[in-house]
Amino acid sequence: MTDFRRPIFFNPGARSWVAPRSTSTDLVTKFHQQLPNYRPTKLWKLDDIAKEVGVRNIFLKDESSRLGLTSFKFLGASWGTFRAIVHKLDLSLDIDLETMKHALASNPFTLYAATDGNHGRAVARMGTILSLPVEIHVPKDLDISTIDAIRSEGANVLVSKGNYDTAIEDAAAATDLGDGILIQDFSFKDYEEIPQWIIDGYETMLQEIDDELGDIIADLVIVPVGVGSFAHAVVSHYKSKDVPPAVLTVEPDTAACLWKSLARGKFQPEETTYTTLAGLNCGTVSSISWPLLKYGVDASLTISDYEAHTASNFLKERGISSGPCGASTLAALRRLGASGKERLGLDYNSTIVLLSTEGAREYDAPLDVSVDDPVALTQTLVQINSANPSLGSVPGPGETNIARYIAAWLEHRDIETHWIEPTKGRPSIVGVVRGSGGGKSLMFNGHIDTVTTIGYDGNPLGGEIHDGKLYGRGAADMKCGIAAALIALSNTKKFNLRGDVVFAGVADEEAESIGTEQVLQAGWITDAAIVSEPSNLNIVHAHKGFVWLEVDIHGLAAHGSLPELGIDAISKAGYFLVELDRYAQRLRKSTIDSDVGPPSVHASIIKGGEEASSYPALCTIVIERRTVPGETPESVKTEIQSLLENISKEVENFRFDLRVTFNRSPFSIPRNDPFVSLVDEVVGQTLRTTPIFRKDPYWTDCALLADAGISPILWGPHGEGLHAKEEWVDTDSINLVSKALTEVARKFCQ
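In this numbering scheme, every chain counts its residues from 1 along its sequence in written order. Per-residue local features of the predicted model are confined to residues with pLDDT of at least 70, and side-chain atom pairs are confined, for both listing and counting, to 80 or more; whole-chain, interface and lining totals are unaffected and use all residues. Excluded from the side-chain calculation are hydrogens and water; included are all heavy atoms of the structure.

(A) Molecular detail of the overall build of the chain. Across its full length, the chain holds 23 helices and 30 strands. Dimensions of the chain along its principal axes, counting C-alpha atoms only, are 100 × 70 × 45 Å. The cut-offs for exposure are 20% and 50% of the maximum accessible area for each residue type, with area from a 1.4 Å probe on protein chains only; residues under the lower value are buried, those over the upper are exposed, and the others partly exposed. The buried share of the chain, reckoned over its 750 residues, is 58%. Carbon together with sulfur atoms contributes 49% to the accessible area of the chain, which is approximately 30,000 Å² in total. Put simply, DSSP H or I for four residues or longer makes a helix, DSSP E for two residues or longer makes a strand, and each gets a number counted from the N terminus. Method for areas: the Shrake-Rupley scheme with a 1.4 Å probe, in which residue coverage is limited to the protein chains shown.

Have a look at this one:
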């Protein structure tokens with residue numbers, strides 16, 4: 001378990017706070033009892049967990065089978081829909097469902113809702129019962145199995161372009177355009193009545209618990225939180241009792257809208273990232289629920305997907321069906337620990353109620369984010385395939401999964417997290433440990449993509465360690481540097497620095513480096529940066545840039561039997577290739593004063609012709625020109641243009657077009673730069689030897705950082721086999737880099 005995880009929020013004032021007594025629930029219970037297959041759900045008694053925790057009783061309310069669905073949500077959705085239709089058609093609250101269905105037959109309309117899981121399916125089921133069309137809006141990253149479950153109820157499912165909050169906006173807009181009703185458990189301006197009815201619907205479940213407990217008094221109730229509507233019902237029910245229990249809320253680390261609002265003292269929208277606890281992936285607390293939760297919640301905590309997954313498996317072994325949202329309450333109890341139990345007044349005589357809100361479902365097993373060891377973290381990152389989709393004969397999956405893991409790792413430690421994704425499917429992730437103000441800012445930069453896993457000998461995602469070497473695709477390039485930087489970032493939380501420390505895990509460095517570009521465009525500019533590419537523990541303070549160009553050599557298409565009409569573009573291109581080779585030799589002998597050696601050029605790709613029996617009309621040559629400080633894309637293009645123009649003067653029918661398709665600047669920073677001197681000092685102390693400075697022929701994101709006015713340096717672990725069939729990193733060097741990055745941040749940002 002990490003030492004730096006998000007703390008538990010405690011609200012001592014909730015102990016004496018009393019909720020307004022709710023109105024009679026007889027109508028709600030009577031309504032639910034007329035639904036097909038209604039019966040109270042099971043309340044499990046978990047004696048082995050009670051013994052583990054050190055209390056008398058633990059009960060778990062099992063909502064894995066509620067009225068034919070695998071979640072408690074139908075209680076709220078059904079009552080909310082019923083009340084909304086009664087209101088719209090001016091019907092009596094005593095009406096039965098069959099009579100309501102007949103009334104709707106002559107006046108049908110659409111039910112609309114947004115969902116991140118079970119609520120949408122519940123609304124869809126109500127539409128089926130009443131023969132009403134249903135349209136459900138879902139966030140863009142909702143898993144396909146959940147979408148299919150909603151569609152299985154006959155609903156039309158529309159995928160929004162954003163998160164859950166966006167889906168709500170889309171559902172509300174669709175409702176305004178149509179003649180229907182929005183059935184939503186989230187309240188906002190001028191929309192509070194239906195959410196309150198949905199909250200009232202949950203009372204049936206809570207009354208069932210009271211009936212089953214009888215004379216046993218609960219001392220703690222643990223409830224999962226999405227938008228807060230269910231927690232609203234729980235607080236309202238239990239905090240109005242003569243002897244109220246404490247209420248503990250639990251959320252995913254990556255969707256902690258209530259925890260952050262409680263810690264801040266006011267609620268506001270929060271950006272969320274992916275969680276397997278899909279039903280809890282909400283970024284804003286419902287406005288009607290916030291006042292009650294603010295005063296009535298005794299404690300609030302967040303858990304990782306891995307902790308929820310572990311709890312779900314634990315319950316499964318005991319014959320209890322509970323998905324990650326439902327099992328989150330058990331995970332929260334374990335997270336509470338001895339000190340947390342003491343603060344909530346729990347002892348060996350206490351009774352705890354866990355509210356398991358959903359049954360088991362399919363999902364991808366999450367990885368553990370509690371890892372604080374840089375070598376172990378490197379292993380975990382290697383196990384995530386993040387091969388660049390722009391490279392290889394088979395496109396890789398890209399950076400989404402590794403960005404999700406890093407975001408969860410950061411949020412687990414309560415580190416400010418930002419998801420940067422202007423290019424769909426190519427996210428970068430930023431983590432920030434804010435300083436108190438007045439200090440210098442530092443960025444740890446590293447790419448989270450790798451080259452293809454195809455052609456790798458052995459398991460490219462294994463992360464095995466043998467003889468001090470950690471193997472796998474990206475082990476050296478550069479998941480070791482990412483791991484070292486993340487640990488260093490987390491370490492800086494204990495220093496109370498004045499300056500900000502920023503981590504930027506960027507996409508696409510192996511191709512066009514759109515990730516660092518987009519992070520910079522988003523405004524993440526710091527005073528200095530360290531790029532932890534594998535440098536064999538040498539400090540790289542300069543490297544080359546490059547310019548990519550395309551040359552079109554034009555011919556004239558004709559039948560192969562008509563040489564008097566055809567002009568062979570490929571043959572004409574030969575003249576250029578000969579001159580390009582001479583040009584390359586001149587560059588190698590260049591006396592240009594450069595820290596990184598002479599410039600170079602080569603032909604990378606040549607394409608031409610359509611079939612053997614025709615004169616080719618076009619031959620295209622792709623050129624890479626490696627540049628040194630002082631050279632620009634314009635100066636390089638001028639040199640190539642001169643070659644082509646000279647050929648055109650001597651070779652008949654030689655016609656061409658030339659264009660620059662892409663370029664990156666060279667990079668150089670003086671050895672006497674103050675930041676470089678600091679890195680030199682810290683690295684020397686860490687390695688216990690004088691660091692080696694070097695200049696390299698390849699390109700890195702240091703150039704983009706320098707172009708943005710940042711003082712960057714490249715320094716990272718020792719590894720070999722970059723892009724090769726076997727890749728490894730020295731494990732000791734990962735620890736050294738993490739230690740040194742921590743110390744650089746401490747000194748630079750103090």
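(B) A look at the nonpolar core. Core analysis: the biggest nonpolar cluster contains 86 residues, and Ile85, Val234 and Leu355 have the highest contact counts within it. The dominant element in this core, judged by the number of residues it contributes, is helix H3 (residues 73–89), at nine residues. Note on contacts: a residue pair is in contact if any heavy atoms of the two residues lie within 4.5 Å. Residues contacting Val234, with those up to four places away along its chain left out, are Leu206, Val221, Val223, Lys239, Val247 and Leu355. The term nonpolar core refers to a set of buried residues drawn from Ala, Val, Leu, Ile, Met, Phe, Trp, Tyr and Cys, joined through side-chain atoms within 4.5 Å. One finds Ile448, Ala476, Ala488 and Trp715 within the second-largest nonpolar core, a separate group that totals 82 residues.

(C) Structural detail: the sheet that holds strand E8 (residues 220–224). Strand order in the open sheet made by the seven strands is E1-E10-E9-E8-E11-E3-E2, with mixed pairing throughout. Both edges of this open sheet fall to strand E1 (9–10) and strand E2 (43–45), since each of them pairs with a single strand only. Strand pairing follows a simple DSSP-based rule, namely that at least 2 bridges must link the two strands. Judged from the six bridges that link them, strand E3 (residues 57–62) and strand E11 (residues 351–356) form a sheet pairing that is parallel. Counterpart to Phe59 in the pairing with E11 is Val353. Axes here refer to lines fitted to C-alpha atoms; in helices the fit is confined to the stretch in contact. Angles between the N-to-C directions go from 0 to 180 degrees. Packing against the sheet, helix H9 (residues 203–213) makes contact with E2, E3 and E11, and its axis sits at approximately 140 degrees to E3. Set on the sheet, helix H10 (residues 229–238) makes contact with E8, strand E9 (246–252) and E11; between it and E8 the angle comes to about 160 degrees.

(D) Inspection of the side chain of Asp701 at higher detail. Its place among the elements puts Asp701 in the loop between strand E27 (693–696) and helix H22 (702–707). Residues counted as positive are Lys and Arg, residues counted as negative are Asp and Glu, and His and the chain ends are not counted. Salt bridges are identified by distance alone: a Lys or Arg side-chain nitrogen within 4 Å of an Asp or Glu carboxyl oxygen. No salt bridge is formed by the buried Asp701. Its closest oppositely charged neighbour is Arg664, at 6.1 Å. Setting aside residues up to four positions removed in sequence, Asp701 forms contacts with Asn445, Val506, Glu509, Ser513 and Thr516.

(E) Here's a closer look at the packing of aromatic side chains. Planes of paired rings set the category: under 30 degrees apart is stacked, over 60 is edge-to-face and the rest tilted, where pairs are Phe, Tyr or Trp rings (Trp by its six-membered ring) whose centres lie within 6.5 Å. Applying the stated rule across the entire model yields 15 aromatic pairs. Ring pairs connect the aromatic residues Phe546, Trp548, Phe662 and Trp699, which therefore count as one cluster. For a lysine, the NZ atom is tested; for an arginine, the CZ atom; a charge sits over a ring if that atom is within 6 Å of the ring centre and within 35 degrees of the ring normal. When the ring centre of Phe314 is taken as origin, the NZ or CZ atom of Arg334, which lies over that ring, is 4.2 Å away. Sitting over the face of the ring of Phe693, Arg671 holds its NZ or CZ atom 3.8 Å from the ring centroid.

(F) Expanded view of the packing of H3 against helix H4 (residues 97–105). Where H3 meets H4, the closest approach of the two axes is 12 Å, and the angle between their N-to-C directions is 50 degrees. In terms of orientation, H3 lies oblique with respect to H4. In terms of crossing hand, the pair formed by H3 and H4 is left-handed. Residues Phe82, Ile85, Val86 and Leu89 of H3 form the contact with H4, whose own contacting residues are Leu97, Met100 and Leu104. By the convention adopted, Pro, Cys, Tyr, Trp, Phe, Met, Ile, Leu, Val and Ala count as nonpolar, Lys, Arg, Asp and Glu as charged, and the other residues, Gly among them, as polar. Classifying every residue of the contact of H3 with H4 gives seven nonpolar, no polar and no charged. Orientation labels follow simple angle bins: below 35 degrees gives roughly parallel, above 145 gives roughly antiparallel, 65 to 115 gives roughly perpendicular, and whatever is left gives oblique. In this scheme the crossing of two helices becomes right-handed for a clockwise turn of the near helix relative to the far one and left-handed for an anticlockwise turn of less than a right angle.

(G) How the structure looks around the environment of Ile592. Within the secondary structure, Ile592 sits in the loop between helix H19 (569–588) and strand E22 (600–608). Judged by its relative accessible area of 40%, Ile592 is partly exposed. Sequence spacing of Ile592 and Asp96 is 496 residues, and the spatial spacing of their C-alpha atoms is 90 Å. If we skip the residues at most four places from it in the chain, Ile592 touches Pro599, Val628 and Glu631.

(H) Quick look at the sheet that holds strand E4 (residues 111–114). If you walk across this open sheet you meet the four strands as E6-E5-E4-E7, and the pairing is parallel. Two strands close off the open sheet at either side, each with one partner strand: strand E6 (156–159) and strand E7 (181–182). Taken together, the four bridges between strand E5 (residues 134–138) and E6 define a ladder with parallel strand orientation. Bridge pairing links Val138 to Val159 in E6.

(I) Unusual backbone geometry, seen in detail. Each neighbour pair has its own omega, and for Asp477 with Met478 the value is -10 degrees, a cis peptide bond. In this structure, Met478 sits in helix H17 (residues 475–491). The backbone phi angle of Ser513 is positive, close to 60 degrees, even though this residue is not glycine. Along the chain, the position of Ser513 falls in the loop between strand E17 (501–506) and helix H18 (514–521). Within the chain, Asn536 stands out as a residue other than glycine whose phi angle is a positive 60 degrees. Relative to the assigned elements, Asn536 resides in the loop between strand E18 (528–531) and strand E19 (539–543).

(J) The arrangement of the packing of H9 against H10 in detail. Where H9 meets H10, the closest approach of the two axes is 10 Å, and the angle between their N-to-C directions is 45 degrees. Taken as axis vectors, H9 and H10 run oblique relative to one another. Between H9 and H10 lies a crossing of right-handed hand. Contact residues: H9 offers Glu203, Met205, Leu206, Gln207, Ile209 and Asp210, while H10 offers Phe230, Ala233, Val234, His237 and Tyr238. Grouping the constituent residues of the contact of H9 with H10 by class yields seven nonpolar, two polar and two charged.

(K) Up close: the environment of Leu333. In this structure, Leu333 sits in helix H14 (residues 324–343). Spatially, the C-alpha atom of Leu333 lies 15 Å from that of Asp305, the residues being 28 residues apart in sequence.

(L) Focus on the pairing of strand E14 (residues 442–447). In terms of burial, E14 is largely enclosed, as six of its six residues are buried. Judged by which residues are buried, E14 turns out to be covered on both faces: Leu442, Phe444 and Gly446 on one side and Met443, Asn445 and His447 on the other are all buried. When E14 meets E18, the two strands line up parallel, connected through four bridges. Residue pairing across strands places Met443 opposite Ala529, the latter belonging to E18.

(M) Here's a closer look at the state of the cysteines. To count as a disulfide, a pair of cysteine sulfur atoms needs to be within 2.5 Å. Scanning all chains against the criterion turns up zero disulfides. Unpaired in terms of disulfides, Cys480 finds its nearest cysteine sulfur in Cys702, a separation of 15 Å. Classification of Cys702 as buried rests on a relative accessible area of 0%.

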